Amino acid sequence: MNASSELFFKWQFDEMKQVGKDYADVSEVKAFDAFHGQFRDIQKENEEIIKILPIQPHHSVIEFGTATGAFAICAAAFSRKVYAVDVSQAMLAYAREKAVLQGISNITFCHGGFLTYVHEDDPVDCIVSSLALHHLPDFWKGVALQRLYAMLKPEGRLFLYDVVYSEDDYEADISAWIASLEKRGGQKALEDVGMHVQEEYSTFTWIMESLLEKAGFMIDTVHYDKGVLAQYVCTKKTAQNNQAFNAVE
Ligand SMILES: C[S@@+](CC[C@H](N)C(=O)[O-])C[C@H]1O[C@@H](n2cnc3c(N)ncnc32)[C@H](O)[C@@H]1O
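Here is a short report on the structure shown in this document. Given the structure is predicted, the values throughout are model-derived calculations rather than measurements.

About the thresholds
- Residues numbered from 1 in each chain as written.
- Predicted model: local features only at pLDDT ≥ 70, side-chain atom pairs only at ≥ 80, totals over all residues.
- Heavy atoms only, no water.
- Near = heavy atom within 4 Å.
- Polar contact = N/O pair within 3.5 Å; in protein donor to acceptor, adjacent residues only side chain to side chain.
- Areas by Shrake-Rupley, 256 points an atom, 1.4 Å probe, with all protein chains shown as cover.
- Nonpolar A, V, L, I, M, F, W, Y, C, P; charged D, E, K, R; others polar.
- Pairing = 2+ DSSP bridges.
- Helix = DSSP H or I, 4+ residues; strand = E, 2+ residues; numbered from the N terminus.
- Axes fitted to C-alpha atoms, helices over the stretch in contact; angles between N-to-C directions.
- Contact = heavy atoms within 4.5 Å.
- Core = buried A, V, L, I, M, F, W, Y, C linked by side-chain atoms within 4.5 Å.
- Buried < 20%, exposed > 50% of the residue type's maximum accessible area, 1.4 Å probe, protein only.

**Some points on the site of the ligand**
The environment of the ligand is formed by 19 residues, the closest being Glu 15, Arg 40, Gly 65, Asp 86 and Ser 130. The side chain of Arg 40 places a nitrogen or oxygen atom 3.0 Å from an oxygen atom of the ligand. When the ligand sits alone it has 610 Å² of accessible area, and the protein chains cover 95% of it. Grouping the constituent residues of the shell around the ligand by class yields nine nonpolar, six polar and four charged.

**Brief notes about the sheet that holds strand β5 (residues 152-163)**
Read from one edge to the other, the open sheet built from seven strands follows the order β3-β2-β1-β4-β5-β7-β6, with strand pairing classed as mixed. Looking along the sheet, the strands with just one partner apiece sit at the ends: β3 (107-111) and β6 (217-225). If you compare each strand with its neighbour and ignore which way they point, the axes differ by 15° on average. Inspection of the sheet shows β6 paired to strand β7 (residues 229-236) by eight bridges, in the antiparallel sense. Paired with Thr 221 across the two strands is Val 233, which belongs to β7. Relative to β5, helix α3 (residues 42-52) is tilted by about 150°, and along the sheet it contacts β4 (124-130), β5 and β7. Set on the sheet, helix α8 (residues 205-214) makes contact with β5, β6 and β7; between it and β6 the angle comes to about 160°.

**A word on the nonpolar core**
Note that soluble globular proteins tend to have their nonpolar side chains buried in a common cluster. By size, the foremost hydrophobic cluster in this structure holds 34 residues, and its most contacted members are Leu 53, Ile 55, Phe 71 and Ile 107. Non-local contacts of Phe 71, meaning those with residues more than four positions away in its chain, are made with Asn 46, Ile 49, Ile 50, Ile 55, Val 61, Glu 63 and Val 128. Counting residues in hydrophobic clusters, the runner-up holds 33 residues, among them Ile 127, Ala 144, Met 151 and Met 208.

Written as structure tokens, this is what we have:
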């Protein structure tokens, strides 16, 4: 290691040391699908992502924060190649086993994260990330989005879904959200979501929009839900489509 790389490691955010929930515990990993299934229709969400982007049979896709592999496994049936990235070895081992049991061979599972995954193959057509970017503080979200931009082909598409707060009445929105999840998921949901708000790095909508645009993305559609959830579908802007964009303006 030379002097400059030593310096790099002194200030680089350690994304392997997760805040809030760290998904290192195997029992937590095994319970993940059932727990999230109490308040999400994960299969429907995944099919919608594939339709929205849209993911096509010749496409390559990277998913960041793949967890138990539900999206990666679904996307593998609609695309040529999926790279499923996660910082949790326990999550990756579980997801890999699920894919093998289903006879899926076009997913590469990669230990890494938004800040450390190095994409050595050709740039991809689509990048997808759900409920994972909030693990990084805002400065590092910006760094991550610039890295994702570089991994995409020109005109490539980004689907980003996460907990992002509306600035209008965040206290009322967060309280209502926690109450509704507690109703469906009980005490565990209450504790998990409480921990999310206290310790993890979900940010305001205006910050997230600005980070996406500063990284070079054109936000094609944005959907905010209950003041606490956000879905962004974006395109990688290049000098060429920038010109077209400015001409329309
Ligand atoms: C709440 S789970 C969401 C999983 C899945 N995408 C979904 O929608 O159900 C968050 C996942 O992001 C992973 N994660 C946390 N920090 C990360 C990082 N810096 N880069 C990539 N993945 C990360 C966690 O290990 C976990 O598997």
